[in-house]
Amino acid sequence: MTGKVSPINISIPLILTVNFIIVGGGIAGLACAFALQRIGHRVLVLEKDDEADQVAGGCRLPPNMSKILNNWGFERRVRDIAVVSGATFLSIYETGFLLGTHVWDKEVLKEVGGDFVFCHHKDLRHLLRDAAEGAGAKIRYRAQVSSIDPMKRSVTLASGEVITGDVIIGADGPFGICRELLTGGQRPKGASIHAFYNGSTIVPGEQMRKDPELSYFLEQEHHTQFAWFGNGHSVLGYPIGGDEDFAMNIYALDDGQGDGSWEDQVSADRLPTVVVTSERRLQKLVRLALPPARLQVTQQVELEDWVHDDGRLLLIGEAAHTLPPGSIQGSAMGVEDAAVLAKLFSHLKSEDQIRNFLYAFQELRQKRCSGVQRQELGNLMFMAMPPGPMQEARDQNMIQKHEAGLNVLSSDADSATEQWEEIKEMFGYDAEDEADNWWVEWGMLREHAKARAMEIRASK
Ligand SMILES: Cc1cc2nc3c(=O)[nH]c(=O)nc-3n(C[C@H](O)[C@H](O)[C@H](O)COP(=O)(O)OP(=O)(O)OC[C@H]3O[C@@H](n4cnc5c(N)ncnc54)[C@H](O)[C@@H]3O)c2cc1C
């Protein structure tokens, strides 16, 4: 996807514009570059890879994220690269038994203000890259940042070049050097929970259509997400690229063979052994899959400080708040970060506000991201429960609703499932509104207090 996107009709009068250096051109870095440049700041993104080298798989964009992209004017472009999800089917991993279905309620989606869509991760990255460049941001690929001096507000590239700005944004992911600066070198790792096979675990649709059992996954009335619940295993599958392909996130117990990253592909031959206890269709699907990236799911350690004590360095995206790989909210949190940061910096009038805004960002985002982190991990546990009373209750609840013709995740006459209430809350969140509220409640108050103090000083 090329084509430039022009900055959209927004004219917020900025008094002070500053230079941002963004380390990392992933989803969070690119979204942030667009959002800040669009309101008048100057942005330089430094990305260590050549983007053509970055392999990736499928990506889910929840309504809280598509809502922001719509506000930014990308509704049509998102529709060009994505399919709108209409339903989720939930089955038992070992047998394929259908526990139930959930068709997204149009009223609920209208209420939360966005669609739930699926696309290729690389298409989303390209959309944001084009948007950032179209707005005027500079992106340098093959520009690895090797060190950062937050006090001098400078970064040094592997080539030795030194670049100075006003604010440095660390968007270099969970294992990047920006996070290390704030943790004193510790990696954000807790106990391993699952091994995870994803990235380019994409099954070509063309191959699937040759087998009626597999074409079923691409030929539903709605673009459907399929979830398999197993003992220590779970799988998510969804169409991407306009039904051309089928993306799969496969979770299995950790076999201790390294932690991996999105950049590390393993041989596709490993997948059949990973899903050996699964139903037949899953076994068929993985035999057609492209080589996957293998990552570990760990109990994440939450980072206390996202802002450097003495310098202007702020962490965003996975560098600040790390989610299990393949999470629904993985990309969304980076885009919400970008939206909030831009809202705050749209009020910039004086240098002394900068640190305030960095801390306001942390205050606004930490609680939200921490809740999302807990929920994403909870979802994985919910799907991979070992046999026992809890798993039986989970399955019975869905089966009963399905037999009664109800959506399995939503509320019925008497009870609302906890999952559905949480999902609605998560999807309904409006990051831009939260930032606006902060400005009205706190930011403006501080500005008034500052102006008053100056008046008093002047009158003496
Ligand atoms: C190559 C790749 C493929 C991915 N594929 C998928 C996928 O298919 N599905 C999915 O759901 N999620 C995928 N993810 C993860 C997903 O992008 C994140 O979960 C989420 O979007 C938030 O990303 P982020 O921008 O905060 O961090 P990341 O996505 O980790 O991006 C960080 C960026 O910083 C760059 N970087 C790191 N160190 C430096 C440095 N020293 N100097 C300059 N640049 C640096 C990295 O190359 C990377 O591009 C992928 C991530 C990567 C890096």
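Please refer to the structure placed before this passage.
Residues numbered from 1 in each chain as written. Predicted model: local features only at pLDDT ≥ 70, side-chain atom pairs only at ≥ 80, totals over all residues. Heavy atoms only, no water.

> Looking at this structure, I do not really get the overall build of the protein chain. What am I missing?
Helices and strands together make up the secondary structure of the protein chain, namely 16 helices and 18 strands. The C-alpha radius of gyration computed for the protein chain amounts to 23 Å, which stays within 12% of the reference 23 Å derived for 460 residues, consistent with globular compactness. For the protein chain, the C-alpha atoms occupy an extent of roughly 80 × 55 × 40 Å along the three principal directions. Taken over 460 residues, the protein chain has a buried fraction of 57%. Looking at the protein chain as shown, the accessible area adds up to about 19500 Å², and 51% of this sits on carbon and sulfur atoms. If you average the places of the 46 positive and of the 64 negative side-chain charges in the protein chain, the two averages end up 5 Å apart. (Helix = DSSP H or I, 4+ residues; strand = E, 2+ residues; numbered from the N terminus. Rg over C-alpha atoms; globule rule 2.2 N^0.38 Å. Buried < 20%, exposed > 50% of the residue type's maximum accessible area, 1.4 Å probe, protein only. Areas by Shrake-Rupley, 256 points an atom, 1.4 Å probe, with all protein chains shown as cover. Lys, Arg positive; Asp, Glu negative; His and termini not counted. Charge placed at Lys NZ, Arg CZ, Asp CG, Glu CD.)

> Looking at this model, I keep getting lost on unusual backbone geometry. Mind explaining?
At Arg142, a position not held by glycine, the phi torsion is positive, near 50°. Looking at the secondary structure, you find Arg142 in the loop between β7 (138-140) and β8 (145-149). Backbone geometry places Arg153, a non-glycine residue, at a positive phi of 55°. Considering the arrangement of structural elements, one finds Arg153 in the loop between β8 and β9 (154-157).

> Help me out: how do you make sense of the site of the ligand in this one?
Around the ligand lies a shell of 28 residues, among which Glu47, Gly57, Gly58, His121 and Glu318 are the nearest. Between a nitrogen atom of the ligand and a main-chain N or O atom of Gly58, the distance comes to 2.8 Å. Contributions of two or more residues to the shell around the ligand are made by α1 (27-38), α5 (121-135), α11 (317-320) and α12 (330-345). Classifying every residue of the shell around the ligand by side-chain character gives ten nonpolar, twelve polar and six charged. (Near = heavy atom within 4 Å. Polar contact = N/O pair within 3.5 Å; in protein donor to acceptor, adjacent residues only side chain to side chain. Nonpolar A, V, L, I, M, F, W, Y, C, P; charged D, E, K, R; others polar.)

> Even after reading the chapter, I still don't get the state of the cysteines, so can you show me in this structure?
By definition, a disulfide links the sulfur atoms of two cysteines through a covalent bond. Evaluation of the coordinates by the stated rule reveals zero disulfides. Cysteine Cys59 remains unbridged, with the sulfur of Cys119 as its closest cysteine sulfur at 5.0 Å. (Disulfide = S-S within 2.5 Å.)

> Please explain the nonpolar core as it appears in this structure.
Across soluble globular proteins, you tend to see nonpolar side chains buried next to one another. Judged by nonpolar contacts, the single largest core of 118 residues is most densely connected at Leu69, Trp72 and Phe345. The next biggest cluster of nonpolar side chains, apart from the first, holds 22 residues, and it includes Val203, Trp228, Leu271 and Val275. (Core = buried A, V, L, I, M, F, W, Y, C linked by side-chain atoms within 4.5 Å.)

> How should the packing of α1 against α12 be read in this particular structure?
Two packed helices can be described by the angle between their axes and the distance between those axes. The N-to-C vectors of α1 and α12 enclose an angle of 25°; their axes lie 8 Å apart at closest approach. Taken as axis vectors, α1 and α12 run roughly parallel relative to one another. Taken as a pair, α1 and α12 cross one another with a handedness that is right-handed. Contacts between α1 and α12 involve Ile27, Ala28, Ala31, Cys32, Ala35 and Leu36 on the former and, on the latter, Ser331, Gly334, Val335, Ala338, Leu341, Ala342 and Phe345. Of the residues in the contact of α1 with α12, the class split is eleven nonpolar, two polar and no charged. (Axes fitted to C-alpha atoms, helices over the stretch in contact; angles between N-to-C directions. Parallel < 35°, antiparallel > 145°, perpendicular 65-115°, else oblique. Left-handed = near helix turned anticlockwise from the far one by under 90°. Contact = heavy atoms within 4.5 Å.)

> It is not clear to me how the sheet that holds strand β10 (residues 162-164) should be interpreted in this structure. Could you clarify?
An order of β8-β9-β10 is seen for the three strands of this open sheet, with the pairing classed as antiparallel. Looking along the sheet, the strands with just one partner apiece sit at the ends: β8 and β10. In this sheet, adjacent strand axes meet at a mean angle of 20° when their direction is disregarded. (Pairing = 2+ DSSP bridges.)

> Would you mind going over the sheet that holds strand β1 (residues 19-23) with me for this structure?
Paired through their backbone hydrogen bonds, the strands of a sheet run either parallel or antiparallel. Taken together, the five strands give an open sheet; going across it, the order is β7-β2-β1-β11-β18, and neighbouring strands pair in parallel fashion. Each end of this open sheet is capped by a strand with a single partner; those strands are β7 and β18 (313-315). Shown here is a sheet whose adjacent strand axes are inclined to one another by a mean of 20°, direction ignored. Bridging between β1 and strand β2 (residues 42-46) involves five bridges; their strand directions are parallel.

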